[in-house]
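Now for the letters of each chain:
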Amino acid sequence: MKFFPTVLLGLLVFLAISSGLTKVLLMPQDVEFFVKYGFTNFLLILFGAVQVIGGLLLIFLKMRILGAAIVAVTFATSAVILILAGSVPATIATLVALGMLGWTIRHTLATK
């Protein structure tokens, strides 16, 4: 059963870092989407950097809960924006990722 938490953690790290990097690198589709909701390039880079840092913190057991909380805040923010945009599939995917982050926090607390 140790396989599931490891795979889930790897997926969350990948999602957080890749999502953050697209913002840090100012990928055109992210800039175009987030500018509609008041994000400047600086804010988008900052938001992405926070996602990357949270994703990196997820890797380390002692920092996992903090990393998961940071990523959860950024994903929750994204979910609100996605809801405002009417993007149902992306909203559902983001909410699933939030659920996985919650499970990771619970699992980490339970195994300490």
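It should be emphasised that the depicted structure is a prediction, and the values quoted were computed from it without experimental measurement.

**Structural notes on the confidence of the model for the chain**
Argument step 1. Scored by pLDDT, the chain has a mean of 96; 99% of the residues are at 70 or more.
Argument step 2. Averaged pLDDT values for the elements of the chain fall to 95 in helix α2 (residues 28-35) and rise to 98 in helix α3 (residues 41-59).

**Things to note about unusual backbone geometry**
Argument step 1. The backbone of Leu26 shows a phi angle near 50°, a positive value even though the residue is not glycine.
Argument step 2. Secondary-structure assignment places Leu26 in the loop between α1 (3-24) and α2.
Argument step 3. Exposure remark for Leu26: the relative accessible area of 27% places this residue in the partly exposed category.

**Remarks on the packing of aromatic side chains**
Argument step 1. In the structure shown here, the tally under the stated rule is six aromatic pairs.
Argument step 2. Between the aromatic rings of Phe33 and Phe34, the centroid separation amounts to 5.2 Å while the plane-to-plane angle is 90°, which identifies the pairing as edge-to-face.
Argument step 3. By relative accessible area, which is 5% here, Phe34 ends up buried.
Argument step 4. Measuring from centroid to centroid gives 5.6 Å for Phe39 and Phe47, while their planes differ by 70°, and the two rings are edge-to-face. Comparing Phe39 with Phe47, the two get one shared label, buried.
Argument step 5. Grouped by ring-pair contacts, the aromatic residues Phe33, Phe34, Tyr37, Phe39 and Phe47 constitute a single cluster.

**Some details on a nonpolar patch on the surface**
Argument step 1. Taken together, the side chains of Leu56, Ile59, Phe60, Met63 and Leu66 make up a nonpolar region of the molecular surface, amounting to roughly 440 Å² of accessible area.
Argument step 2. Inspection of the secondary structure puts Leu66 in helix α4 (residues 64-85).
Argument step 3. Given the relative accessible area of 44%, Leu66 is considered partly exposed.

**Description of the nonpolar core**
Argument step 1. With 14 residues, the main nonpolar core has Leu12, Val13, Leu58, Val71, Phe75 and Leu101 as its most contacted residues.
Argument step 2. Every element with two or more residues in this core is listed here: α1, α4 and α5 (88-111).
Argument step 3. The greatest single-element share of this core, amounting to six residues, is contributed by α1.
Argument step 4. Other than its neighbours up to four places away in sequence, Phe75 contacts Leu15, Ala16, Ser19, Gln51, Thr94, Ala97, Leu98 and Leu101.
Argument step 5. In terms of nonpolar packing, the next biggest core, distinct from the first, is built from five residues, Phe34, Phe39, Leu44 and Ile81 among them.

Reading the values: rules and limits
Residues numbered from 1 in each chain as written. Predicted model: local features only at pLDDT ≥ 70, side-chain atom pairs only at ≥ 80, totals over all residues. Heavy atoms only, no water. pLDDT = per-residue confidence, 0-100. Helix = DSSP H or I, 4+ residues; strand = E, 2+ residues; numbered from the N terminus. Buried < 20%, exposed > 50% of the residue type's maximum accessible area, 1.4 Å probe, protein only. Phe/Tyr/Trp six-rings, centres within 6.5 Å; stacked < 30°, edge-to-face > 60°. Patch = residues over 30% accessible without salt bridge, like charges linked within 9 Å, V, L, I, M, F, W, Y side chains within 5 Å. Areas by Shrake-Rupley, 256 points an atom, 1.4 Å probe, with all protein chains shown as cover. Salt bridge = Lys/Arg side-chain N within 4 Å of Asp/Glu carboxyl O. Core = buried A, V, L, I, M, F, W, Y, C linked by side-chain atoms within 4.5 Å. Contact = heavy atoms within 4.5 Å.

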